[in-house]
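Fold and contact review
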Amino acid sequence: MVQRSLLYSPGDDREMLKKAVETGADTVVFDLEDAVAPAAKEGARATVRSMLDDLDDPTPDVAVRINPYDLSGPADVAAVVGETERPPDSILLPKVNDAEPVEALRDQLTELGADAVGIVPLIETAAGVIAANEIAAAPGVTAVAYGDQDFTADIGATVTDDKTESLYARQRTVVAAAAAGVDALDTVHTDIGDTEGLREQTEFVVELGFDGKLAIHPDQIAVINEAFTPGEDELEWAETVLAGQERASDEGDGVFTVDGQMIDPPLVERARTIVRRAEAAGIR
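Residues numbered from 1 in each chain as written. Predicted model: local features only at pLDDT ≥ 70, side-chain atom pairs only at ≥ 80, totals over all residues. Heavy atoms only, no water.

Within the protein, the regular secondary structure consists of 12 helices and 10 strands. Compactness check: the protein gives a C-alpha radius of gyration of 19 Å against a globular reference of 19 Å for 284 residues, within 12% of the reference. If one aligns the C-alpha atoms of the protein with their principal axes, the spans along those axes are about 60 × 45 × 35 Å. For the protein, the proportion of its 284 residues judged to be buried stands at 48%. The long-range fraction of contacts in the protein, counting pairs at least 24 apart against all pairs at least 6 apart in sequence, stands at 68%. (Helix = DSSP H or I, 4+ residues; strand = E, 2+ residues; numbered from the N terminus. Rg over C-alpha atoms; globule rule 2.2 N^0.38 Å. Buried < 20%, exposed > 50% of the residue type's maximum accessible area, 1.4 Å probe, protein only. Contact = heavy atoms within 4.5 Å.)

Encoded structure:
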């Protein structure tokens, strides 16, 4: 499943959850953490649990962001996985500093008979960035996400318009995800009205190697999806590469050329990614 856009929606607001499913986001994240006040968390669990059971084959994937695992995370999982007929496709696990909470969550999912539920750790601290490799490679992880607000606060960084203070963390997240063979998801853009800034930031993280981006408002989805949608020339190149790869495979050749460029397995995988994004966008 291609995850270009992932939209957070507050877990205690049923109407907003219903609307989120219709926004065109590739994944909708029912949020039990930051979007829900402490006094409302128990009610939010019940709302999310009810929504999961009531969904009728939604087009997007559905994820749930739980609270940190050393707080109420286990209770969240028990409610939205163990007590539902239709568990979410994945769990977003916040404030991950090392692989230990990921492994604990994986064990809990196994005990609940929910091994198919993916785990998406959120790397939001200095410790998490340093441990990104082991976090991304932990059992059950399907993607890793970078969280900018908590990270920059944790290291005491001055937040700038061009985000140079978070470049290392972003690159480390992408590299760790690639090494583990999972997706890398970029942080939210908090200025909802700054459409151009969102577009520039998303295009930049596409160049860095991210596979998708988190969003906090439905109006951000179209911008994010467009940035992750390949252009006509890019798609044409990818289709030519895949056709050449098929011919080379039939002929027993390991490498081949396209327009004079030698094509090896990493470029073939890049072509497959482009085609998957085009299919998600409905242009192929």
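The rest of the description comes next.
Here I130 is to be found in helix α5 (residues 126–130). The exposed category is assigned to I130, whose relative accessible area is 57%.

Attention now moves to the sheet that holds strand β8 (residues 212–215). Adjacent strands of a sheet form backbone hydrogen bonds with each other and so pair up, either parallel or antiparallel. One closed barrel holds the 8 strands; their spatial order is β1-β2-β3-β4-β5-β6-β7-β8, and the pairing between them is parallel. Neighbour to neighbour, the strand axes of the sheet diverge by 25° on average, direction disregarded. Inspection of the sheet shows strand β4 (residues 90–93) paired to strand β5 (residues 118–123) by 4 bridges, in the parallel sense. Its bridge partner lying in β5, L92 is registered against V120. (Pairing = 2+ DSSP bridges. Axes fitted to C-alpha atoms, helices over the stretch in contact; angles between N-to-C directions.)

Locating K41 in the fold gives a position in helix α2 (residues 41–54). Buried and without a salt bridge, K41 has D34 as its closest oppositely charged side chain, separated by 6.4 Å. Filtering out sequence-adjacent residues up to four positions away, K41 remains in contact with L32, E33, V36 and N67. (Lys, Arg positive; Asp, Glu negative; His and termini not counted. Salt bridge = Lys/Arg side-chain N within 4 Å of Asp/Glu carboxyl O.)

The subject of this paragraph is the packing of helix α11 (residues 232–251) against helix α12 (residues 265–281). At their nearest, the axes of α11 and α12 sit 8 Å apart, and the two run at 125° to each other. With respect to their mutual orientation, α11 and α12 come out oblique. As α11 runs across α12, the sense of the crossing is left-handed. Taken together, the residues of α12 that come into contact with α11 (itself represented by E234, L235, W237, A238, E239, V241, L242 and Q245) are L267, V268, R270, A271, R272, I274, V275 and A278. A per-class count over the contact of α11 with α12 returns 11 nonpolar, 1 polar and 4 charged. (Parallel < 35°, antiparallel > 145°, perpendicular 65-115°, else oblique. Left-handed = near helix turned anticlockwise from the far one by under 90°. Nonpolar A, V, L, I, M, F, W, Y, C, P; charged D, E, K, R; others polar.)

Its 17 residues place the ends of α12 25 Å apart at the C-alpha level, agreeing with the 24 Å of an ideal helix rising 1.5 Å per residue. Within the sequence span of α12, burial applies to V268, A271, T273, I274, V275, R277 and A278. Structurally, α12 contributes buried residues whose contacts are with α9 (195–208), α11, β9 (256–258) and β10 (261–263). The positive-phi residue at the C-terminal boundary of α12 is G282, with phi of around 75°. (Expected span 1.5 Å × (residues − 1).)

A separate point is a negative patch on the surface. Residues E100, E103, D107, E111 and E134 make up a contiguous surface patch of negative charge. In terms of residues, the negative patch owes the most to one element, helix α4 (residues 100–111), which gives 4 residues. In this fold, E134 is placed in helix α6 (residues 132–136). Classification of E134 as partly exposed rests on a relative accessible area of 43%. (Patch = residues over 30% accessible without salt bridge, like charges linked within 9 Å, V, L, I, M, F, W, Y side chains within 5 Å. Areas by Shrake-Rupley, 256 points an atom, 1.4 Å probe, with all protein chains shown as cover. Charge placed at Lys NZ, Arg CZ, Asp CG, Glu CD.)

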